[in-house]
Amino acid sequence: MDVPFISVPTAASVDGFTSKGAPLILKGTKKTIQTASPMAVFADIAILKDAPKELTAAGFGDIMGKYTSLVDWEISRWIGGEPYNERADRMTRYALDVCVNNLEDIAERTEFGIECLIRALIESGLVMLILDFSRPASGGEHHLSHYWEMDLLQNSAKQHLHGAKVGVTTTIITDLYKKLSDEWDAVNKSHTEYKGKLKEHWSKIEQEILAIPETNKLKEYLRRVGGPDSPAALGRDSNVVRASLNEAYLIRDRCTGLMLLSKHKRGDISYPFMNQPLPLT
């Protein structure tokens, strides 16, 4: 309706405060609709600092998702030919680095730590606002999160905080991409529409994947801020995780590592991964 409004966040819990994107459930499917952005944002550090710890942890989890969303943005740039903006990438990466570098202050919820977190969340939203799409802030990790959300809705179950899900799904996508990196030879032998571009750009994609911190480190970050670090901590069983790994790429028409893997698989991706090879053609 394009009605002017202001945003007054009372918790540093998500990066959508300055975004135009409105994530809606339409006929049981999660869709992001571009609407209107706020005229102004007023975020009082004293109020944010006293917000429930779970909400602050969720905000950190949403920011941590940028580890994989930025890799997916590069994949979409090189393989899918989707729009890319280097400055927006740098701004998003800077917001992520600031939060990780000040993890202890965020965990202790000092004024400085909360200010670092809310600035990062606002800046991530501003990047999405300027670009008019959520590409740098939302990749395969968000697709898994959206899938889990729809599953909970279908079962009339209590929802989890968005950032709590994103933090956990970031660790899963990281594990998956690093495993894909290890098993690249199988992909290189495939005969699909992406073979040429994958062969041309794989070394750069692999470099981006290897730059993501190891999953144990990501889980340590999540635990330190008081957030869940595994599907089990959210009450999600392996069946839901497995289904999301095989179906969530269909939620958005975006080229991600998850989508590429789905295009190259000969069977379902198992979960937990353990020592089983990926079902690549």
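One can find the structure itself at the top, above this paragraph.
Residues numbered from 1 in each chain as written. Predicted model: local features only at pLDDT ≥ 70, side-chain atom pairs only at ≥ 80, totals over all residues. Heavy atoms only, no water.

A. Quick look at empty space enclosed by the protein. If you walk through the whole model with that rule in mind, you get one cavity of 30 Å³ or more. Counted as a void, the largest cavity has a volume near 70 Å³. Every residue lining the largest cavity is counted, 11 residues in all, and those nearest its centre are Leu180, Leu198, Trp202, Gly257 and Leu260. Contributing elements (two or more residues each) for the lining of the largest cavity: α8 (162-182), α10 (195-211) and α13 (257-264). Among the elements that make up the lining of the largest cavity, the one with the highest residue count is α10 (four residues). (1 Å grid on protein atoms, 1.4 Å probe; cavity = no way out; pocket = protein on both sides within 12 Å on 5 of 7 lines; lining within 4 Å. Points joined across faces, edges and corners; volume = space filled by probe spheres on them. Helix = DSSP H or I, 4+ residues; strand = E, 2+ residues; numbered from the N terminus.)

B. Molecular detail of the nonpolar core. Core analysis: the biggest nonpolar cluster contains 64 residues, and Phe60, Ile172, Leu176 and Leu245 have the highest contact counts within it. In this structure, Leu176 is in contact with Leu245, Leu258, Leu261, Ile269, Phe273 and Leu278, ignoring residues within four places of it in sequence. By size, the runner-up hydrophobic cluster in this structure holds five residues, among which are Trp73, Ala88, Val127 and Leu131. (Core = buried A, V, L, I, M, F, W, Y, C linked by side-chain atoms within 4.5 Å. Buried < 20%, exposed > 50% of the residue type's maximum accessible area, 1.4 Å probe, protein only. Contact = heavy atoms within 4.5 Å.)

C. Structural context of helix α12 (residues 238-247). Regarding α12, the residues found buried are Val240, Val241, Ser244, Leu245 and Asn246. Where α12 is buried, its residues contact α7 (140-154), α8 and α13.

D. The arrangement of a nonpolar patch on the surface in detail. On the surface, Ile6, Val8, Met39 and Phe42 cluster together into a nonpolar patch covering about 450 Å² of accessible area. For Met39, the position within the fold is in the loop between β3 (29-34) and β4 (40-41). (Patch = residues over 30% accessible without salt bridge, like charges linked within 9 Å, V, L, I, M, F, W, Y side chains within 5 Å. Areas by Shrake-Rupley, 256 points an atom, 1.4 Å probe, with all protein chains shown as cover. Salt bridge = Lys/Arg side-chain N within 4 Å of Asp/Glu carboxyl O.)

E. Representation of the pairing of strand β2 (residues 21-26) in the model. Note that β2 and β3 share six bridges and pair antiparallel. Considered in β3, the bridge of Ala22 is made with Ile33. Once β2 ends, the chain turns through two residues before running back antiparallel as β3, passing Lys27 with a positive phi of about 55°. (Pairing = 2+ DSSP bridges.)

F. Examining helix α4 (residues 86-101) more closely. Spanning 16 residues, α4 covers 22 Å between terminal C-alpha atoms, matching the ideal 22 Å at 1.5 Å per step. All of the buried residues in α4 are Ala88, Asp89, Thr92, Ala95, Leu96, Val98, Cys99 and Val100. Its buried side turned inward, α4 meets α2 (53-64), α3 (66-78), α5 (103-108), α6 (111-131) and α11 (215-224). Two or three places before Arg87, at the start of α4, stands the capping residue Asn85, its side-chain oxygen 3.0 Å from that residue's backbone nitrogen. (Expected span 1.5 Å × (residues − 1). Polar contact = N/O pair within 3.5 Å; in protein donor to acceptor, adjacent residues only side chain to side chain.)

G. Layout of the side chain of Thr215. Within the element layout of this structure, Thr215 appears in helix α11. On the accessibility criterion, Thr215 (7% relative accessible area) is buried. Beyond its immediate sequence surroundings of up to four residues, Thr215 is in contact with Thr171, Thr174 and Asp175.

H. Main features of the packing of aromatic side chains. The final tally for this structure, using the stated rule, is three aromatic pairs. Measuring from centroid to centroid gives 4.8 Å for Trp73 and Tyr84, while their planes differ by 55°, and the two rings are tilted. Here Trp73 is found in helix α3, whereas its partner Tyr84 is found in the loop between α3 and α4, with 11 residues between them in sequence. By relative accessible area, Trp73 is classed as buried at 0%. Centre to centre, the rings of Trp73 and Phe133 are 6.4 Å apart; their planes meet at 75°, and the pair counts as edge-to-face. With Trp73 in helix α3 and Phe133 in the loop between α6 and α7, the pair connects residues that are 60 residues apart, well separated along the chain. Here Phe133 falls in the partly exposed class, since its relative accessible area comes to 24%. Counting every residue linked through ring pairs, the aromatic cluster contains Trp73, Tyr84 and Phe133. If you follow Arg77 out to its NZ or CZ, it ends over the ring of Tyr84, 4.0 Å from the centre. (Phe/Tyr/Trp six-rings, centres within 6.5 Å; stacked < 30°, edge-to-face > 60°. Lys NZ or Arg CZ within 6 Å of the ring centre and 35° of its normal.)

I. Spotlight on the layout of surface pockets. Put simply, the largest pocket is a space of about 390 Å³. Residue lining of the largest pocket: 22 residues in total, with Val14, Asp15, Pro23, His142 and His162 positioned closest to the centre. Contributing elements (two or more residues each) for the lining of the largest pocket: β2, β3, α7 and α8. Counting residues per element, the lining of the largest pocket draws most heavily on α7, at three residues. Per-class residue counts for the lining of the largest pocket are five nonpolar, 11 polar and six charged. (Nonpolar A, V, L, I, M, F, W, Y, C, P; charged D, E, K, R; others polar.)

J. The state of the cysteines, seen in detail. One pass over the structure, following the stated rule, counts zero disulfides. Of all cysteine sulfurs, the one in Cys116 lies closest to Cys99, which takes part in no disulfide; the gap is 6.9 Å. Residue Cys99 is classed as buried on the basis of its relative accessible area of 0%. (Disulfide = S-S within 2.5 Å.)

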